[in-house]
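Fold and geometry: a report
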Protein chains: 2
Amino acid sequence: MSTPSETKILKQFGATLRAERLKAELSQEALAELADLDRTYVGGVERGERNISVLNIVRLAKALGIPPGNLLKNV
Amino acid sequence: MSTPSETKILKQFGATLRAERLKAELSQEALAELADLDRTYVGGVERGERNISVLNIVRLAKALGIPPGNLLKNV
C-alpha cells in the first residue's frame, strides 16, 4: 500500500509514460512488445498502479527511443 | 539474476548515485537517513546490486536535492 504522495508520484510517472507512448504513436501492446514486457504490466504502470523498477524504466525508454530520465521529468 | 546488460545498467545507476552523494558531501548513512531508507540498501544500490524502484529513486533524489531524472543520466 503506497502513501498518497507515493500514489501521486506513480500516477505522474504513468501519465508521462502514456504521453510519450502516444507521441511515439504506439499502442500499449506495441510498446510492451518492443520493451519485452507484458501489456497488462504497461497498462498498470500507466494507471499509476506499479512501482516500476529502474531496469523496466530503461526498457520502456529504449523502446520509446528517449533518454530514461525523460520518464521522470514530472515526478 | 540479471543479465550482463542489466547488471551494467544497475552498476551505472549505482555509480551515478555515489557521485551525486559525494558531490553533496553526504555519507551513505546520512543519505539513507535523509531518504528514510536503510543504509545497507543504499550501499547495495551503489554497488549495482539492487533493481531500485521509482519511488526510492525519487526519495534519494529529494534527499540529494536533485531532479530524479539526473540519477538516470548514465544508464
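A quick note: this is a predicted structure, and the numbers were derived from the prediction, not measured.

Calculation criteria
- Residues numbered from 1 in each chain as written.
- Chains lettered and ligands numbered in written order.
- Predicted model: local features only at pLDDT ≥ 70, side-chain atom pairs only at ≥ 80, totals over all residues.
- Heavy atoms only, no water.
- Contact = heavy atoms within 4.5 Å.
- Buried area = accessible area lost by both parts, 1.4 Å probe.
- Salt bridge = Lys/Arg side-chain N within 4 Å of Asp/Glu carboxyl O.
- Helix = DSSP H or I, 4+ residues; strand = E, 2+ residues; numbered from the N terminus.
- Least-squares fit on C-alpha atoms with pLDDT ≥ 70 in both.
- Buried < 20%, exposed > 50% of the residue type's maximum accessible area, 1.4 Å probe, protein only.
- UniProt positions renumbered as here; feature names shortened; annotations may be inferred.
- Core = buried A, V, L, I, M, F, W, Y, C linked by side-chain atoms within 4.5 Å.
- Axes fitted to C-alpha atoms, helices over the stretch in contact; angles between N-to-C directions.
- Parallel < 35°, antiparallel > 145°, perpendicular 65-115°, else oblique.
- Left-handed = near helix turned anticlockwise from the far one by under 90°.
- Nonpolar A, V, L, I, M, F, W, Y, C, P; charged D, E, K, R; others polar.

Our focus in this paragraph is the interface of chain B and chain A. Many descriptions give the size of an interface as the accessible area lost when the pieces come together. The interface is formed by 17 residues belonging to chain B together with 17 residues belonging to chain A. Surface buried jointly by chain B and chain A totals about 1,500 Å² across both partners, of which 75% is contributed by carbon and sulfur atoms. Per-residue buried area on chain B facing chain A is highest for Val54(B), Leu55(B) and Leu72(B); these three make up 39% of the total on that side. Between the two partners, chain B and chain A, sit two salt bridges. A salt bridge links Glu6(A) to Arg59(B), with the nearest nitrogen and oxygen atoms 3.3 Å apart. Of all elements in the fold, only helix 1 (4-23) and helix 4 (54-64) of chain B reach the threshold of two or more residues within the side of chain B that touches chain A. Among the elements that take part in the side of chain B that touches chain A, helix 4 of chain B stands out by supplying six residues, more than any other.

Superposing chain B onto chain A requires a rotation of 180 degrees together with a translation of 0.0 Å along the rotation axis, leaving an RMSD of 0.0 Å. This pairing of chains is accounted for by a two-fold axis.

Right, let's talk about helix 3 (residues 39-46) of chain A for a bit. All names here are of chain A. Most of helix 3 sits inside the fold, with six of its eight residues counted as buried. Listed in full, the buried residues belonging to helix 3 are Tyr 41, Val 42, Gly 43, Gly 44, Val 45 and Glu 46. Contacts made by the buried residues of helix 3 are with helix 1 (4-23), helix 2 (28-35) and helix 4 (54-64). Just downstream of helix 3, Gly 48 is the residue with a positive phi angle, here 80 degrees.

Turning to the UniProt feature "domain: HTH cro/C1-type" (unreviewed entry) in chain A, a few remarks are in order. According to UniProt, the positions carrying the feature "domain: HTH cro/C1-type" (unreviewed entry) are residues 17-71 of chain A. Secondary structure over residues 17-71 of chain A splits into 62% helix and 0% strand, and the C-alpha atoms at its two ends are 6 Å apart.

On to the nonpolar core, then. Counting 48 residues, the largest nonpolar core has Leu60(A), Leu71(A), Leu60(B) and Leu71(B) as the members making the most contacts within it. Filtering out sequence-adjacent residues up to four positions away, Leu60(B) remains in contact with Leu17(B), Leu31(B), Ala35(B), Leu37(B), Val42(B), Ile52(B) and Leu71(B).

All names here are of chain A. Orientation of helix 1 relative to helix 4, taken along the N-to-C sense of each, is 20 degrees, at an axis distance of 10 Å. Taken together, the axes of helix 1 and helix 4 are roughly parallel relative to one another. For the pair helix 1 and helix 4, the crossing hand works out as left-handed. Contacts between helix 1 and helix 4 involve Phe 13, Leu 17, Glu 20 and Arg 21 on the former and, on the latter, Ile 57, Leu 60 and Leu 64. In the contact of helix 1 with helix 4, the residues fall into five nonpolar, no polar and two charged.

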